[in-house]
Amino acid sequence: MPTPAVPCPCGLPATYPECCGPFHSGARSAPTAERLMRSRFSAFAVGDTAYLLRSWHPATRPDRLDLDPEQRWERLEILATERGGMFETEGSVEFRAHYREGRHTGSLHEHSSFSREGGAWVYVGPLSPVDFD
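In what follows, the accompanying structure is described.

Rules used in this analysis
Residues numbered from 1 in each chain as written. Predicted model: local features only at pLDDT ≥ 70, side-chain atom pairs only at ≥ 80, totals over all residues. Heavy atoms only, no water. Helix = DSSP H or I, 4+ residues; strand = E, 2+ residues; numbered from the N terminus. Rg over C-alpha atoms; globule rule 2.2 N^0.38 Å. Buried < 20%, exposed > 50% of the residue type's maximum accessible area, 1.4 Å probe, protein only. Contact = heavy atoms within 4.5 Å. Areas by Shrake-Rupley, 256 points an atom, 1.4 Å probe, with all protein chains shown as cover. Core = buried A, V, L, I, M, F, W, Y, C linked by side-chain atoms within 4.5 Å. Salt bridge = Lys/Arg side-chain N within 4 Å of Asp/Glu carboxyl O.

### Some remarks on the overall build of the protein chain
Along the protein chain, the regular secondary structure elements total 3 helices and 5 strands. Each helix and strand of the protein chain, ordered N terminal to C terminal, gives the series α-α-α-β-β-β-β-β. Here the C-alpha radius of gyration of the protein chain, 14 Å, is about what a compact globule of 133 residues would show, namely 14 Å. Looking at the 133 residues of the protein chain, the share that counts as buried comes to 41%. Contacts in the protein chain between residues at least 24 apart in sequence constitute 43% of all its contacts with a sequence separation of at least 6. Surface accessibility of the protein chain: about 7,300 Å² in total, with carbon and sulfur atoms responsible for 52%.

Here you go:
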């Protein structure tokens, strides 16, 4: 987990306990699809597989998730959002997530679908093929 004074991995200008931490702990729910996407990136960055599975749509969620301990998620770019606001039930977010694995750096580019289920945003899956650079 990031230390309290360190900026949140999601890229917003707040500390982890003020930003994505409350989503990960279950104290709050992400209010928009973009905030859910950011909180999921932070969960990858801090290794919170329980949150990743909880925030995944039941129809597309894997039975388990094993993160690669050598892969470090370092930076998130939100490229576009469509719908996914506080009063909507569907939305999409296009993003590029940058990672480091040993000496190799790369990125994952995805246009993701989100829906609101039982009042909470969940990740449904990619809208187009995922692109690793």
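### Brief notes about the nonpolar core
Ranked by size, the top nonpolar core spans 22 residues in total, and within it Met37 and Phe114 carry the most contacts. Every element with two or more residues in this core is listed here: α2 (33-46), α3 (49-54), β1 (71-83), β2 (90-101), β3 (104-117) and β4 (120-126). For this core, the element with the highest residue contribution is α2, accounting for 5 residues. Core analysis: the second largest hydrophobic core is formed by 5 residues, Cys8, Tyr16, Cys19 and Cys20 among them.

### A look at the pattern of salt bridges
According to the stated counting rule, one finds 6 salt bridges in the structure shown. Salt-bridge contacts for Glu34 lead to Arg38; the nearest nitrogen and oxygen are separated by 3.0 Å. Linking Glu34 with Arg38, this pair stays in helix α2, spanning 4 residues, or about one helical turn. Taking the relative accessible area as the measure of exposure, Glu34 reaches 26% and is therefore partly exposed. Residue Arg38 is classed as buried on the basis of its relative accessible area, which comes to 11%. Its salt-bridge partner being Glu90, residue Arg83 comes within 3.7 Å of it at the nearest N-O pair. Arg83 gets classed as partly exposed once you look at its relative accessible area, which sits at 47%. Looking at Glu90, the relative accessible area reads 47%, which means it is partly exposed.

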